[in-house]
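Spelled out, the chains give:
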Amino acid sequence: MPISDYGPRPALRLVRGFRLAGLLLGTVSLLTACGSEPTETTATKPAKGPKATADAPVAPEAAPLHVSVFLEYSGGMKGFVPRGGADKPATEFQQRIGALITETQVSGAVAERKYYLCENAAPRPVKFEQLRDVVQGEVSQAALGTELPQMLEGILNRPKAGEEVSVVISDFIYGPARKSDFSQLPNLIRTSIAPVNRQQLAVAVFGETSHFYGSYFPAVKTPVQKRTLNGEKVPYYVWVIGPPAQVARYAAEVFRNAPAQQAFFGLKTSTPAFAPLLTKLTDPKLKSSGGTVYADNDKSLALNPSDDPVDFSVGLDLKELPIAWQQPAFLAQHLQVRLPNGQANLLPGSVRPLTEVEQSGQPVLAPYTHVVRLRVSKLAAPTATLTLALPAPETPDWVAAWSTANDNTPAPRTFGLDQILTGVRQSYPTTLPAVFTVQLPLKNDK
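Counting restarts for each chain: residues are numbered from 1 in the order of the written sequence. At least 70 in pLDDT is required for a residue's local features to be given in this predicted model, at least 80 for side-chain atom pairs to be given and counted, and no such filter applies to totals for whole chains, interfaces and linings, which use all residues. Neither water nor hydrogens contribute to the side-chain values; these are computed over all heavy atoms in the structure.

Asks: Looking at this structure, how should I read the environment of valine 247?
Replies: Elements are defined by DSSP. Helices are runs of H or I of four residues or more, strands are runs of E of two residues or more, and each kind is numbered from the N terminus. With respect to the secondary-structure elements, valine 247 resides in helix α7 (residues 244-254). In the structure, valine 247 is positioned 21 residues away from lysine 268 in sequence and 8.9 Å away in space, judged by C-alpha atoms. Two residues form a contact once any of their heavy atoms are found within 4.5 Å. Once residues within four sequence positions are removed from consideration, valine 247 is found in contact with Val165, Ala202, Ala204, Val240, Ile241, Gly242 and Leu267.

Asks: How should the confidence of the model for the protein be read in this particular structure?
Replies: As a note on interpretation, predicted positions should not be read in detail where pLDDT is low. Overall, the predicted model of the protein reaches an average pLDDT of 82, with 80% of residues at or above 70. You can read pLDDT as the predictor saying how much it trusts each residue, on a scale of 0 to 100. Overall, residues 1-56 carries pLDDT values under 50, and its contacts beyond four positions in sequence, including any with other chains, amount to 124 contacts. Low confidence marks residues 282-287, where pLDDT is under 50. Its contacts with residues over four positions away, or in another chain, come to 18 contacts.

Asks: Honestly, the pairing of strand β3 (residues 65-72) in this entry has me stumped. Any pointers?
Replies: Two faces belong to every sheet, and in a regular strand the side chains alternate between them. For every residue, the accessible area obtained with a 1.4 Å probe (protein chains only) is divided by the maximum for its type, and the residue is called buried under 20%, exposed over 50%, and partly exposed between those limits. Along β3, seven of the eight residues are buried, which leaves the element largely enclosed by surrounding structure. Pairs of strands are assigned from DSSP output, requiring at least two bridges between the strands. In the sheet, β3 pairs with strand β4 (residues 110-118) via eight bridges, with the strands oriented parallel. Residue pairing for β4: glutamate 72 is matched across the bridge by cysteine 118. With five bridges connecting them, β3 and strand β6 (residues 165-170) associate as parallel partners. When the bridges of β6 are listed, valine 69 appears paired with valine 167.

Asks: How do you make sense of the sheet that holds strand β14 (residues 336-338) when you look at a structure like this?
Replies: Sheet strands pair by backbone hydrogen bonding; their relative direction is either parallel or antiparallel. Spatially, β11-β12-β21-β18-β14 is the arrangement adopted by the five strands of the open sheet, whose pairing is mixed. A strand with exactly one partner marks an edge of an open sheet, and here the two such strands are β11 (292-296) and β14. The sheet shows a mean angle of 30° between the axes of neighbouring strands, direction not considered. Pairing of strand β18 (residues 383-390) with strand β21 (residues 436-444) involves eight bridges; the strand directions are antiparallel. Note that in β21 the partner of leucine 388 across the bridge is valine 438. Axis lines are fitted to C-alpha atoms, over the contacting stretch for helices. Their N-to-C directions set the angle, which ranges from 0 to 180 degrees.

Written out as structure tokens, the structure is:
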């Protein structure tokens, strides 16, 4: 039985079965399963023809991912991977990166995976076991390292790099020998990631901190070229670069233990499964309206908001989004509703994930991961198209908080991080494309 969120209304509630974009949703099965349970929609016209059967849409299966993992292993990174033992707990870097490369190795979402060490030359291919040994601290010799722009350029200019997911793990400390290069950092990054712009790739940046042991090399050199740390926390980063849908899928299905500090550029997903659900699915504290809405002509909704606003729920399949973007608070903040020649909005507090019980108990809900509730207060034209979109967020505030102009004192900040990501942001159009957009035709039933 569907979950009831509103008390019964005196009027008899009827709902037409409907088909959206050619996919039969089987709404009637939701209503008849509950006997006398009232529905959330009031139909002003009787349903015609035979009752629809439950035939929920099935989303196409995504193609397996091809992933290449690049670990910078320089003197400046060695402190993240001390050799452990029974009496020496692993650092956060060893725990998190160990889990990430293991998940990449075993995940069914990944069809092919390759591993590389970025030293003082071109990326060197290694086996998974070799990379794991480095993370565990079993490899003592580290290289001098490669400057950040050159490392990114070497990774992205590989043949077919634009067709796969590149995962780059580094502290991203940029300390060029030529001091004048500091002032050109955004431009140097733009040049090094030029394939991102040409091939319309996405870049995801994840920031994390870890205990660090040994020689620490800051970007801003002083008479003392390095310091020795004994467990102070400093940042490292994971960059995920590739076709937008593949980056989104890697973030959602493989990098499931991602840190809270996340930034995405150029991220887009395929159009999610989306449909109105004419049944009660939202929080019981939400106030219901008295307007009428029903399925019309098997492709749109008919409604009459002239006297009272019209409320209805819609289902969305958002499993391709990064986990952080699937959270109700994020969606409630960023989802946008547009209705030309009308007025519509997302009801506060209405965004929530569907539970496993709801998805398994009602076949019509199975294709969706989330439900939101919309309110149409005005519809002036005979017909209109309601648009629900997720605009791409801009660079998040944590980037500025994690940036510094002088990194001689070890702290959870990185020299010029804001300038590095400014170069990434400038590689995209002034207005980032929407992550996804879905549309629902409406008819004014005056």
